[in-house]
Amino acid sequence: MESVNAEKPTEQTDNSNANNDEPKQVEESVVEAVETEKQNAGNEFEYLERNEFTSEIYKIEVKNLGYFGIGEFKKLLKKTLKFDITKIKSPTRKEFAFVCFRTAEDQQRAVETLDGYKWKGKVLKAMLAKASADPLQKRRADEETGDVQPKRQRTAGEATCPLSDMPYEKQLEQKKDEMAAVLKKYTKELRHLNTAAIPHLDKFEFKGVLPSPTIEGYRNKNEFTVGKNAEGEIVVGFRLGSYCHGSVEVAAVQELPHLPAQAKWAALTFQQLVRQSKFQPFNPVGNLGHFRQLMVRCSSNTGEVMIVAGIYSSNLSEAEQLELQQEIKSFYEREEQQSGEFKCSSLYYQDVKHREAGQQVNPVTHLLGNTHITDSIQGLQFRISPLAFFQVNTAAANVLYQQAIDMVAPTEETTMLDICCGTGTIGLAFAKHCKHVLGVDIVADAIKDAQFNAEANNIKNCKFIAGNADDFIKSMVHEAVYAQEPGKQLDLVAVVDPPRAGLHNRSITAIRSASGLQRLVYVACNAHSAKRNFIELSRPESKHYKGEPFYPKCAVAVDMFPHTTHTELVILFEREASPK
């Protein structure tokens, strides 16, 4: 394998597709970037001097908080005191927290307001705080002084699919034990918190873990990092460790069992593009370079491949961005003419940098081919846009959705609320069994896909809304209630499939307060994180949690992620029937 190092800018320019008349400024900028990196090595606070925003500059420390929750403290700052905060950090939750702001004015106003402020029976103390050290630079400095010992670097397999050396039956046994332990911990806590739940918990059933129909090459979406391996070669693959633990090394992915051949091809071709380009791979040490990441989406149904090139553009002019877009496009146009097994069906450029206030996603620009790819679940065709959520294991998603349908057992009188609906996959799978489906998702492009998918599959009883689920749950419930025919019993069920962190507390309170909602299916991609939501759904009614609690009835896990430690857990919750 040819090594192309940033320390050899002349070689890199000679190997590129660039014109021989390329200005020498390109080489000079590369050399300058490398020299800057060398000069800054070991400087734990160099990042504060970069020409880009970091809220660490505008940080304060708040003391004497007593026992507190991050959520309630955030509510105090944002809603009560109207501060524009960027983040809250409480390393130990022991009576203090750090708060970061966007401007010096906000920082100073916060100190003046919070110092001496009375909250929850405590008098707070607030003061300016120092910025945190760059964790990677600090780790390296500590290793040099012997304060910490260097860790053995993991392999790509250990980092991404640590169970791959274990027989699949053993993987399922391990995951079953883990899910059983999570549920045991949840039900034990609930027994103490809500004694009314005990009769329901005595009947609660965990049905084990269902296997994935496909265990090799199953991932239809992969996000690769552009960087360098231990030998200094440019690689498009997976990071072997985290920045805060002192690692920026990237390893190749060709031997990983859970990636399909199309994704491996895409990583290799993009790696070839980066190695021959005058533009540099991104380096988080100093935020240097340009090629940052690569997202690849594959269709198990059609074989289509979508490539999204993630570019760090903070150090690029508008003209350079356009030049780089054209370079990426031209490269894959040439690839199209090759006689290889795979082709790029859809090509996008993504501007990946620090998001501005209120920005939900990094924007994408279509460069080549189709704007979408298509895949199939439950016999339905789904159009998938670059940023929309779609289950990463298509074959296992069929199993997952069928389990949700079987749990609910919908009838022609059932209205289903699809909360965090993405491209509408769960809702559309339910549609043929229901009277009506209402879906909501915060990603507008995903809703466009959901609407298109409903029309493409000739499904007429679905409505999808773009917006924050927290704001729409109540209105969706009201719409279902008002649409119910007089004299007929309303059967309203919600299915939630939230991100890994779970549902926001506002969504839980909205679900709890929706009196017409009697059943809920919770699809958790991280049962450990979701346990908080399970408790919130089941705890006794209170001033904050209005509405009767939901009790768990049954649960089943589906192995959506073979060779990894992750498992999808599906739980059916029901409210206690009101006495007639």
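Keep in mind that what you see is a predicted model, and the values were worked out from it rather than measured.

Reading the values: the criteria
- Residues numbered from 1 in each chain as written.
- Predicted model: local features only at pLDDT ≥ 70, side-chain atom pairs only at ≥ 80, totals over all residues.
- Heavy atoms only, no water.
- Pairing = 2+ DSSP bridges.
- Helix = DSSP H or I, 4+ residues; strand = E, 2+ residues; numbered from the N terminus.
- Contact = heavy atoms within 4.5 Å.
- Axes fitted to C-alpha atoms, helices over the stretch in contact; angles between N-to-C directions.
- Patch = residues over 30% accessible without salt bridge, like charges linked within 9 Å, V, L, I, M, F, W, Y side chains within 5 Å.
- Areas by Shrake-Rupley, 256 points an atom, 1.4 Å probe, with all protein chains shown as cover.
- Salt bridge = Lys/Arg side-chain N within 4 Å of Asp/Glu carboxyl O.
- Lys, Arg positive; Asp, Glu negative; His and termini not counted.
- Charge placed at Lys NZ, Arg CZ, Asp CG, Glu CD.
- Buried < 20%, exposed > 50% of the residue type's maximum accessible area, 1.4 Å probe, protein only.
- Phe/Tyr/Trp six-rings, centres within 6.5 Å; stacked < 30°, edge-to-face > 60°.
- UniProt positions renumbered as here; feature names shortened; annotations may be inferred.
- Polar contact = N/O pair within 3.5 Å; in protein donor to acceptor, adjacent residues only side chain to side chain.
- Parallel < 35°, antiparallel > 145°, perpendicular 65-115°, else oblique.
- Left-handed = near helix turned anticlockwise from the far one by under 90°.
- Nonpolar A, V, L, I, M, F, W, Y, C, P; charged D, E, K, R; others polar.

### Quick word on the sheet that holds strand β9 (residues 234–239)
Inference 1: Read from one edge of the open sheet, seven strands run β10-β9-β8-β11-β12-β13-β14, paired in mixed fashion. Looking at which strands have only one partner, the edges of the open sheet turn out to be β10 (250–251) and β14 (364–369).
Inference 2: Of the pairings in the sheet, the one linking strand β11 (residues 291–298) to strand β12 (residues 305–311) comprises seven bridges and is antiparallel in character. Each bridged residue has a counterpart across the sheet, and for Val296 the counterpart in β12 is Ile307.
Inference 3: Against the sheet, helix α9 (residues 261–276) contacts β8 (221–228), β9, β11 and β12, and its axis sits at roughly 155° relative to β11.

### Examining a positive patch on the surface
Inference 1: On the surface, a cluster of positive charge is made up of Lys74, Lys75, Lys78, Lys79 and Lys82.
Inference 2: Tracing the sequence through the fold places Lys75 in helix α3 (residues 70–80).
Inference 3: Residue classification places Lys75 among the exposed positions, given a relative accessible area of 53%.

### Quick word on the packing of aromatic side chains
Inference 1: Evaluation of the coordinates by the stated rule reveals 13 aromatic pairs.
Inference 2: With 6.0 Å between their ring centres and 85° between their planes, Phe83 and Phe101 make a pair best called edge-to-face. You can see Phe83 sitting in the loop between α3 and β2 (85–89) and its partner Phe101 sitting in strand β3 (residues 96–101), a full 18 residues away along the chain. Residues Phe83 and Phe101 agree in their burial class; the two are buried.

### Some points on the UniProt feature "binding site: S-adenosyl-L-methionine" (unreviewed entry) in the chain
Inference 1: The sites that carry the UniProt feature "binding site: S-adenosyl-L-methionine" (unreviewed entry) are, in the present numbering, Gln391, Asp441 and Asp497.
Inference 2: By the element assignment, Asp441 lies in strand β18 (residues 436–441).
Inference 3: For Asp441, a relative accessible area of 11% gives the class buried.
Inference 4: The residues contacting Asp441, other than those within four sequence positions of it, are Cys420, Cys421, Gly422, Ala446, Ile447, Ile465, Ala466 and Gly467.
Inference 5: At 3.4 Å, the side chain of Asp441 and the backbone nitrogen of Cys421 are in polar contact.
Inference 6: In this structure Asp497 touches Phe389, Gln391, Ile419, Cys420, Ile426, Val523 and Glu568, once residues within four positions along its chain are discounted.

### A few points about the sheet that holds β2
Inference 1: Pairing is antiparallel across the open sheet formed by four strands, whose spatial order is β2-β3-β1-β6. In this open sheet, the two strands that pair with only one neighbour each are β2 and β6 (125–128). Ignoring strand direction, the axes of neighbouring strands in this sheet form an average angle of 25°.
Inference 2: Seen against the sheet, α3 touches β1 (59–63), β2 and β3 and runs at an angle of roughly 150° to β2.
Inference 3: Across the face of the sheet, helix α4 (residues 104–114) comes into contact with β1, β3 and β6 while running at roughly 155° to β6.

### A word on the UniProt feature "active site" (unreviewed entry) in the chain
Inference 1: Here, the residues flagged by UniProt with the feature "active site" (unreviewed entry) are Cys525.
Inference 2: With respect to the element layout, Cys525 can be found in the loop between β21 (519–524) and α16 (527–538).
Inference 3: Looking at Cys525, the relative accessible area reads 15%, which means it is buried.
Inference 4: The residues contacting Cys525, other than those within four sequence positions of it, are Pro498, Pro499, Arg500, Thr567 and Glu568.

### A closer look at the environment of Val440
Inference 1: Here Val440 lies in strand β18.
Inference 2: Here the alpha-carbon distance between Val440 and Ile419, two residues 21 residues apart in the chain, equals 5.4 Å.
Inference 3: In this structure, Val440 is in contact with Asp418, Ile419, Cys420, Cys421, Ile447, Ile465, Gly467, Ala469, Phe472 and Met476, ignoring residues within four places of it in sequence.

### Some remarks on the pairing of β9
Inference 1: Across the six residues that make up β9, a large majority, five, are buried.
Inference 2: Summarising the sheet, β8 and β9 pair through four bridges and their orientation is antiparallel. Across the sheet, residue Lys228 finds its bridge partner in β9, namely Ile234.
Inference 3: As consecutive antiparallel partners, β8 and β9 are separated by five residues, and within that stretch Gly232 has a phi angle of approximately 85°, a positive value.
Inference 4: Pairing of β9 with β10 involves two bridges; the strand directions are antiparallel.

### Points about the packing of helix α7 (residues 168–193) against α16
Between two packed helices, what matters for the description is the angle formed by their axes and the separation of those axes.
Inference 1: Where α7 meets α16, the closest approach of the two axes is 10 Å, and the angle between their N-to-C directions is 25°. Looking at the two axes, α7 sits roughly parallel to α16. In the packing of α7 onto α16, the handedness of the crossing is right-handed. Contacts between α7 and α16 involve Glu178, Met179, Val182, Lys185, Tyr186, Glu189, Leu190 and Leu193 from the first element and Ala527, His528, Lys531, Phe534, Ile535 and Ser538 from the second.
Inference 2: Of the residues that constitute the contact of α7 with α16, the class distribution is eight nonpolar, two polar and four charged.

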